[in-house]
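# Remarks on the overall topology
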Amino acid sequence: MAHAHHPSFAHEGGHEGHHDLEELRKFGFWIFLITDCILFATLFATYLVLREHTAGGPGAKEIFEMPGVIVETFILLTSSFTSGLAVLALNAGSRKGLLGWLIVTILLGACFIAMEVTEFLKLVSEGHTIHSSAFLSGFFTLVGTHGLHVSLGICWITALIIQLTRHGITPVTQRKVHITSLYWHFLDAVWIFVFTFVYLMGVR
Amino acid sequence: MIDSIKDFVSWFFVTGDPLIYGADVSIVLTTVAIIFVLTYFGKWGWLWREWLTTVDHKRVGIMYIIASLLMLFRGGVDALLMRTQLAFPDMKFLSPEHYNEVFTTHGVEMILFMAMPLMFGLFNIAVPLQLGARDVAFPFLNSLSFWLFFMGAMLFNMSFVIGGSANAGWLSYPPLSELTGSPSVGEDFYIWGVQISGIGSLMTGINFIVTIVKMRAPGMTWSKVPIFTWSVFSSCIAIIVAFPVLTVTLALLFLDRFLGAHFFTMDGGGNAMMYVNLIWMWGHPEVYIIVLPAFGVFSEVVAAFSRKRLFGYASMVFAMLSISFLAYFTWLHHFFTMGSGADVNLFFAITTMIIAIPTGVKIFNWLFTMYRGRISFETPMLWTLGFIPCFVVGGMTGVMLSAAPADFQFHNSYFLIAHFHQVLIGGAVFGYFAGLYYWWPKIFGFKLNETIGKWAFWIWNIGFYVCFMPQYFVGLDGMTRRLSSYGWDRGWWAMNFTSTIGGFLMGLGFLFQVWQIAHSIKFMEKDTTGDPWGARTLEWSIPSPAPLYNFATVPVVTDRDDWWEEKERIAAGKAPKAKPALEPIHMPKNSSIPFIQAICWFTVGFGLVFHWLWIAIPGFIGIAATMLAHSFNYDTDYYIPVDEIKRTEAEAGRIV
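Residues numbered from 1 in each chain as written. Chains lettered and ligands numbered in written order. Predicted model: local features only at pLDDT ≥ 70, side-chain atom pairs only at ≥ 80, totals over all residues. Heavy atoms only, no water.

### Brief notes about the packing of helix α8 (residues 227-259) of chain B against helix α10 (residues 313-326) of chain B
Residue and element names in this part refer to chain B. The N-to-C vectors of α8 and α10 enclose an angle of 15°; their axes lie 8 Å apart at closest approach. By the angle between their axes, α8 is roughly parallel relative to α10. Taken as a pair, α8 and α10 cross one another with a handedness that is right-handed. Residues I227, W230, S231, F233, S234, I237 and A238 of α8 form the contact with α10, whose own contacting residues are Y313, M316, V317, M320, L321 and S324. For the contact of α8 with α10, the class distribution of residues is 10 nonpolar, three polar and no charged. (Axes fitted to C-alpha atoms, helices over the stretch in contact; angles between N-to-C directions. Helix = DSSP H or I, 4+ residues; strand = E, 2+ residues; numbered from the N terminus. Parallel < 35°, antiparallel > 145°, perpendicular 65-115°, else oblique. Left-handed = near helix turned anticlockwise from the far one by under 90°. Contact = heavy atoms within 4.5 Å. Nonpolar A, V, L, I, M, F, W, Y, C, P; charged D, E, K, R; others polar.)

What follows is the structure in structure tokens.
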């Protein structure tokens, strides 16, 4: 690949001696996602161990309100779809389409976060806090960590949108779009597990 | 007003112990001396440009090594304080409370702030050079990793004079480490010091995996990768799987302490054994993370100093990878006594015994490499030879401990202490010393004095056995760990006293090493060949010290020990490999962001330790701002022109 960032200090065996620097960074991000996967796995394990430890307080069945959670789920799944459309627009070389779909994605992400914060605030106002029981400690930490990841993703994509308006589509911004999109899909997949193990198994 | 300031100061600073006052004075004096020297010689700019903002893997490696040797000194002093107390149990040299703080600090320092950085230092120095690469995959991230480690270590070390040290053991088990058991800020210093440096370690793991997978020189297929690099690869796999668990575990403990959550508390449905499981899911892979690269060093050294190809390369690689896999399935052997039931204990006993097999395979590989080799006994080889018997004994006692029913007797006794010191010192530390002596000329361009090095080796080794062999027996006699005093009627004194003598001998060995380094800097035996040991891998094909860009032209690899084969070809009168014409070299620019961001992390940690959000929040803002600044910076690289490469190579006596 011939572009401005001539990656001559990156190379791989068997090739001509040059390896694409941006490919290297994408690969690094995949490895990072493995570590993030394990981070969530640890939180899931902790939650599942402590799920029944309600210390005499309310359990999942009593406090979860499914309609809101289902709406949240659909919003996040849709945002994953629009993030995919952003990558398709990128591949088609359409900066306008790319920016548009990225903005839709972060707006949907922001709706998701707003709903989650509302859910948390409602629980707290009813007296169900992280302090109440091991079950709630696990719940707030697991779901909150996911929410924190989504919030970070929103900030990150916002920064990327500004960079795209400044630099246009270059190998660097292209790689950044790919990586944020990977990250976003990953959070979506984690949410499926949150939805299943925390909410569906909780109210069963 | 004055009274409230007085109250604050006596709470904020650790007071009341003459040892601590002495430390306060020496910290102030050292700081003043450093500032004076830097100002007097006008070196601030140099420090900033050449070191604090560098992204060069060799310099990052040197900084890791310097930091780790300082931590070795502090951890070593802690060890000697404990040994002094145990040699004279009635002298009340340390109070029981102080003793708790000292053993906690000793463990954390030695594993996390000595072994890890010394290992990362060797990664940084050797891996890109062995691969024929110009740097690691992510030089910016590499610098950030170092500074996160450094700031985490400083935060932890600070607790010694400010706020008070952690005292709940090196793994900080709840419920003791919960707010009810440890109301002081010591545990929070532990949590944030380890957390911040742990994030750095995790990123190093990612960085080196990508480097090894993607940046090997052309022609270096997996079966031609140098064995040390393979060991780094297997260690990094264990890092990326294990360290996220540590991050979560510490975060949960902090939530318990900070927000009153109930993960590991005794009330509210918490489960303290959950913590012990989680921390060892990280902690057990961690010991293999530390020891695998040492195995890699031994394998390089034994081949180089036997002038023979490493015996059983493939089995060595397989053994290391299987260790990094199996390491994840043995954690429960640290607490067979928890009462998980016979079936669970049986599973972990068997996995523990199985993991000894690949380790045993390696011992035979080293022995067969030496068999009929032309062995010479320079210091790297001496440490390797010292390692083999030491690790065999340490490994055997490990297998004894792995038998769950027997472990109920050994558990938490000095037998265990002797075992893990024997594998960690005899395995990891000896390995790092061997690696440090081996690669020293490559990094610094001069050799270390061999005579003083041999003295250091023998004093260390004799000291080691004198110190730890009696501990096995005193452990079998019933002495438990973390005991600050014991009665004379126990009959433990003679062995404890002997052990203390050994401890001080090891301290003397360390002083010899310091003397060796100082002496060698003064008398500067320059390495002009670039290959002082007659070694085998690519790093020895370039001048010492390695130039900024490492390789003037990217090497093309055709053999496993490529440099050795090249030398053989030249000796046989054949033409050396043709080198391509010089091209401008693409390099990453220095960056001040890693250093600044790490200071922000330090600020966050410090603020959260004292629950002072007015300090923590600006820190968080700083982290976000530096991350964005890096993301928006598109001017991150430059080219070294051909003329400059020619000049540098000519100065090193190479014609290109």
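### With respect to the UniProt feature "domain: Cytochrome oxidase subunit I profile" (unreviewed entry) in chain B
Residues given the UniProt feature "domain: Cytochrome oxidase subunit I profile" (unreviewed entry) here are residues 40-558 of chain B. Annotation note: span residues 40-558 of chain B, helix share 69%, strand share 1%, distance between end C-alpha atoms 52 Å. (UniProt positions renumbered as here; feature names shortened; annotations may be inferred.)

### Some points on the interface of chain B and chain A
Contacts between the two partners involve 48 residues from chain B, matched on the other side by 48 residues from chain A. In this assembly, chain B packs against chain A so that about 3900 Å² is buried in total across both faces, 70% of it on carbon and sulfur atoms. Contact with chain A buries surface across chain B, with K214, F632 and Y634 of chain B losing the most and accounting together for 19% of the total. Seen at the junction of chain B and chain A, the total is zero salt bridges. At the junction of chain B and chain A, the tally comes to eight residue pairs in polar contact (both at pLDDT 80 or more). Contributing elements (two or more residues each) for the side of chain B that touches chain A: α7 (186-214), α8, α9 (272-306), β3 (585-588), α19 (613-632) and β4 (637-640) of chain B. Ranked by the residues each element gives to the side of chain B that touches chain A, the list is headed by α8 of chain B, at eight residues. The class makeup of the residues in the side of chain B that touches chain A is 33 nonpolar, 10 polar and five charged. (Buried area = accessible area lost by both parts, 1.4 Å probe. Salt bridge = Lys/Arg side-chain N within 4 Å of Asp/Glu carboxyl O. Polar contact = N/O pair within 3.5 Å; in protein donor to acceptor, adjacent residues only side chain to side chain.)

### A few points about the UniProt feature "domain: Heme-copper oxidase subunit III family profile" (unreviewed entry) in chain A
Mapped onto this numbering, the UniProt entry gives "domain: Heme-copper oxidase subunit III family profile" (unreviewed entry) at residues 26-203 of chain A. Within the segment residues 26-203 of chain A, helix and strand shares are 86% and 0% respectively, and the terminal C-alpha atoms sit 39 Å apart.

### What to know about the pattern of salt bridges
Tallied over the full model, the rule gives 17 salt bridges over all chains. Salt-bridge contacts for E22 of chain A lead to R25 of chain A; the nearest nitrogen and oxygen are separated by 3.6 Å. With E22 of chain A and R25 of chain A both in helix α1 (residues 21-50) and three residues apart, the pair spans about one turn of that helix. Measuring nitrogen to oxygen at the nearest pair gives 2.7 Å for the salt bridge that ties K577 of chain B to D562 of chain B. You can see K577 of chain B sitting in the loop between α17 (562-571) and β3 and its partner D562 of chain B sitting in helix α17, a full 15 residues away along the chain. Judged by relative accessible area, K577 of chain B falls into the partly exposed class, the value being 24%. By relative accessible area, D562 of chain B is classed as buried at 6%. Bridged by salt links that share partners, the residues E22, R25 and R175 of chain A form one connected network. (Buried < 20%, exposed > 50% of the residue type's maximum accessible area, 1.4 Å probe, protein only.)

### Points about the side chain of T229 of chain B
All names here are of chain B. Relative to the elements of secondary structure, T229 occurs in helix α8. Of the polar contacts made by the side chain of T229, one reaches the side chain of Q130; its length is 2.7 Å. Not counting residues up to four positions away in its chain, the partners in contact with T229 are V127, Q130, L131 and I212.

### A short note on empty space enclosed by the protein
Residue and element names in this part refer to chain B. Counted by the stated rule, this structure contains four cavities of 30 Å³ or more. Put simply, the largest cavity is a space of about 120 Å³. Around the largest cavity, the lining residues are P226, I227, S299, E300, A303, R309, L310, Y313, R536, T537, R560 and D561. In terms of residue count, α9 provides more of the lining of the largest cavity than any other element does, three residues in total. Class assignment for the residues of the lining of the largest cavity results in five nonpolar, two polar and five charged. (1 Å grid on protein atoms, 1.4 Å probe; cavity = no way out; pocket = protein on both sides within 12 Å on 5 of 7 lines; lining within 4 Å. Points joined across faces, edges and corners; volume = space filled by probe spheres on them.)

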